Amino acid sequence: MKLVVAIVRPDKLNDVLEALFRAEVRGLTITRVQGHGGEMDRVETYRGTTVKMELSEKVRLEIGVSDHFVEPTVGAILAAGRTGTVGDGKIFVLPVEKVYRIRTGEQDQAAVTPVEEVLPA
Amino acid sequence: MNAADTAWMLVSTALVLLMTPALGFFYGGLVRSKNALNTLMMSISALGFVCLAWVVLGYSLAFGPGTPWLGGVSRAFLQGVGLEPQGTIPHLLFMAYQATFAIITAALVSGAIVERMRFSAYLAFITLWSLLVYSPIAHWVWGGGWLGGMGALDFAGGTVVHINAGVAALVAALILGPRKDYARQAILPHNVPFTLLGAGLLWFGWFGFNGGSALAANSSAALAFVNTMLAPAATLCVWTLLDLRRTGKATAVGAATAIVVGLVAVTPAAGFVSPMSAIVLGGVSALPSYFALLWRARTRLDDSLDVVAAHGLGGTMGALLTGILAQKSWNGTADGLLFGNPKQFLIQALAVAVTIVFSGVLTAGLLKLLSFVVPLKVATREEGLGLDVSQHGEEAYARDEGAILILSEFTAESPAPVGVLAGSLKPEGGRA
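These figures come from a predicted structure and were not determined experimentally.

Would you take a moment to explain the overall build of chain B for this structure?
A count of helices and strands for chain B gives 16 helices and three strands. Its C-alpha atoms give chain B a radius of gyration of 23 Å, near enough to 22 Å, the size a compact globule of 432 residues would have. Counting over 432 residues, chain B shows a buried share of 53%. A separation threshold of at least 6 residues defines the contact pool for chain B, and within that pool the share at least 24 residues apart is 75%.

Laid out in C-alpha cells, this is it:
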C-alpha cells in the first residue's frame with residue numbers, strides 16, 4: 001500500500017476530483033493548506049503597507065491506495081492538475097506500514113478497498 | 001421653494017446613494033471569495049466615476065433643455081444649476097438626487113459580468129454607458145422627452161433604471177462570454193449573510209428611491225413609500241411559498257432575491273397604484289423572475305448574478321402592470337387598463353419595447369468599440385487566481401502568515417524581521 005500526497009491548485013481541485021473519481025479512486029481526504037514553491041510572490045498593498053505574499057493557497061490530498069492503484073491515481077492528478085505554469089504542485093508517494101478500517105477492524109488491502117454502502121431498507 | 005420638500009429630498013438623496021454600496025454587498029456575497037473585493041469595487045467605483053460623468057455631462061444630456069430625443073450640453077459642468085428652485089426644491093439638489101440614480105443603474109449592470117471583466121475596461125464601460133445609454137433614456141421619460149410626453153408612466157425608473165440595466169446586462173454577458181468555470185463546476189455564493197445584508201440595505205434605500213421620486217414630501221410620496229413596503233413583502237411571501245413547493249426548503253438567497261425583485265417591480269408603479277394593487281403587483285411579479293432564474297442557470301448565458309431575471313423581467317412586469325393597475329383616484333394622473341384606460345397599457349408596452357431596443361443596441365455597440373481599444377476580459381489564468389489579487393492586489397480575507405513587509409513609511413527603520421523571514425523562504429536564503 002502507498003499513501004499518495006498531492007499538493008494542487010485550489011482552482012484545479014474540482015478537475016482533479018473528477019479525474020480521480022473517473023479513475024475509480026474514491027477514498028480521499030483533502031485539506032486547505034498554504035505553502036511556498038517556485039511561484040512568483042504576489043505583491044499586495046493595503047494603504048501604505050506593501051507586502052509580498054510568500055505563501056499561496058493550495059489543497060492537499062491524501063489518498064491511501066493499494067499498489068496497483070498508485071499509477072492510475074498519480075496519472076489522474078498529473079493530467080487534471082496541470083496548467084503548465086509554475087505552482088501546479090507536487091505529488092509524493094509514500095510507503096505505508098499498516099492500514100486499519102475503523103468500522104470493521106479490517107487491515108491493509110481490505111481496508112483501502114472501498115465498499116458500496118448498503119442503505120438500510 | 002418648500003422647506004419640507006427640500007428636507008425630504010436631502011434625506012432621499014442620501015438613501016439612494018446608500019443603495020449602491022448595498023448592491024455591492026448583495027452582489028459581493030453571491031460570488032466566490034477570491035472575487036469578493038472586485039465585485040464590491042464594481043459598485044463602489046460607480047460612486048466616483050459615474051457621479052463625475054453625471055456632473056460633467058450626463059445631467060445636461062438627461063435634464064438639460066434640448067429636443068425630445070436628447071437634452072443639450074447647456075448644463076454641462078453644472079452651468080446654470082444653482083440654488084434656484086426646480087419645482088419646490090433647489091435645482092442643485094434635484095441634480096444630486098438624479099445623480100444617485102445614474103450611479104446605481106450603471107452598478108446594476110456589473111452583476112452580469114462579475115468574476116471575469118478587466119477592471120479598467122469596466123470603469124471605461126460604465127462611465128461611457130451612463131452618458132450614452134442612461135442619460136438619453138432618462139431624458140425621454142423624465143427630462144421632457146418623447147416617452148414622458150406620450151404619457152408613459154414610470155414613477156421611479158422601471159424602464160429607465162431596471163429594464164435598461166437588465167438589457168445592458170444581457171448584452172454584456174453575451175459579449176464577454178461565460179466564466180471559464182461556468183457550467184463546468186458548481187460556483188457557489190461565498191457569503192450569504194452579505195447578500196441578505198445588501199438586500200436589507202437596498203430595501204431601506206429604496207424608500208428614498210421611490211418615496212423621493214415624488215420630488216416632494218407630499219401624499220404621492222407617502223403612497224410610493226407604503227407601496228415600497230408592501231410589494232416586496234408580497235414578492236417575498238410568494239417566492240418563499242414557491243421555494244417550499246419546489247424543494248421543501250425556504251432559501252435565504254431566494255429571500256434576498258425576492259426582496260430585490262419586488263422592489264424592482266414596484267419601482268415604476270410606486271406612486272400610481274393603490275396599496276392593495278401594489279400587493280398584487282409584488283406577488284405576481286415573483287413568478288416570471290423565479291422561473292427565469294431556474295431556466296437561466298441551465299443555459300450557456302452566464303448572466304452571473306441574474307440581472308436579467310431580477311431587473312429586466314422584474315422591471316418589465318412592473319412597467320406593464322403599472323399600465324394595468326394605475327388608478328387616477330390614487331395618483332391624479334392616469335388610469336390603467338383595469339380602470340377603463342387600455343391605451344395606458346399600450347403606451348407602457350411601447351416604452352418597454354423602446355427601452356429594450358435602444359439599450360440593447362447601444363450597449364452592444366459601446367462594448368464592441370471598447371473591445372477594439374482594450375481587452376474586456378481577464379486572462380484565464382487570472383480568472384483562476386481570482387480578480388481580487390489580479391485586478392486589485394488585495395484579498396478580501398487576507399491572512400498575514402507568509403506576508404513579508406517590503407515597504408512601509410512607518411516601519412522603514414526596522415527592517416530586521418523582514419530579512420529573517422524572507423531569508424528562510426527565498427532560494428537565495430539557503431533553500432535548495
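Is there a simple way to think about helix α13 (residues 342-373) of chain B in this case?
Two residues of an α-helix separated by three or four positions point the same way, owing to the 3.6 residues in each turn. Residues and elements named next belong to chain B. The end-to-end C-alpha distance of α13, which contains 32 residues, comes to 48 Å, matching closely the 46 Å that a straight helix rising 1.5 Å per residue would cover. Listed as buried for α13 are Q344, Q348, A351, V352, T355, S359, L362, T363, L366 and L367. The elements touched by buried residues of α13 are α4 (119-141), α5 (146-150), α6 (158-176) and α11 (307-325).

Help me out: how do you make sense of the interface of chain B and chain A in this one?
How big an interface is tends to be stated in terms of the accessible area lost upon association of its parts. On the chain A side, the residues contacting the 19 residues of chain B number 18 residues. When contributions to the side of chain B that touches chain A are tallied by element, the ones reaching two or more residues are α14 (380-385) and β3 (403-407) of chain B. The biggest single contributor to the side of chain B that touches chain A is β3 of chain B, with five residues. Residue classes in the side of chain B that touches chain A are distributed as nine nonpolar, five polar and five charged.

How do you make sense of the packing of helix α7 (residues 192-211) of chain B against helix α9 (residues 252-266) of chain B when you look at a structure like this?
When two helices pack together, their arrangement is given by the angle between the helix axes and the distance between those axes. All names here are of chain B. Two elements in contact, α7 and α9, have axes separated by 9 Å at closest approach and are oriented at 15 degrees. In terms of axis orientation, α7 runs roughly parallel to α9. The interaxial crossing formed by α7 with α9 has left-handed handedness. Listed contacts from α9 to V192, T195, L196, A199, L202, W203, W206 and N210 of α7 are A252, V253, A256, I259, V260, L263 and V266. In terms of residue class, the contact of α7 with α9 is made up of 13 nonpolar, two polar and no charged.

What counts as what
- Residues numbered from 1 in each chain as written.
- Chains lettered and ligands numbered in written order.
- Predicted model: local features only at pLDDT ≥ 70, side-chain atom pairs only at ≥ 80, totals over all residues.
- Helix = DSSP H or I, 4+ residues; strand = E, 2+ residues; numbered from the N terminus.
- Rg over C-alpha atoms; globule rule 2.2 N^0.38 Å.
- Buried ≥ 20, exposed ≤ 12 C-beta atoms within 10 Å, placed from the backbone.
- Contact = placed C-beta atoms within 7 Å.
- Expected span 1.5 Å × (residues − 1).
- Nonpolar A, V, L, I, M, F, W, Y, C, P; charged D, E, K, R; others polar.
- Axes fitted to C-alpha atoms, helices over the stretch in contact; angles between N-to-C directions.
- Parallel < 35°, antiparallel > 145°, perpendicular 65-115°, else oblique.
- Left-handed = near helix turned anticlockwise from the far one by under 90°.

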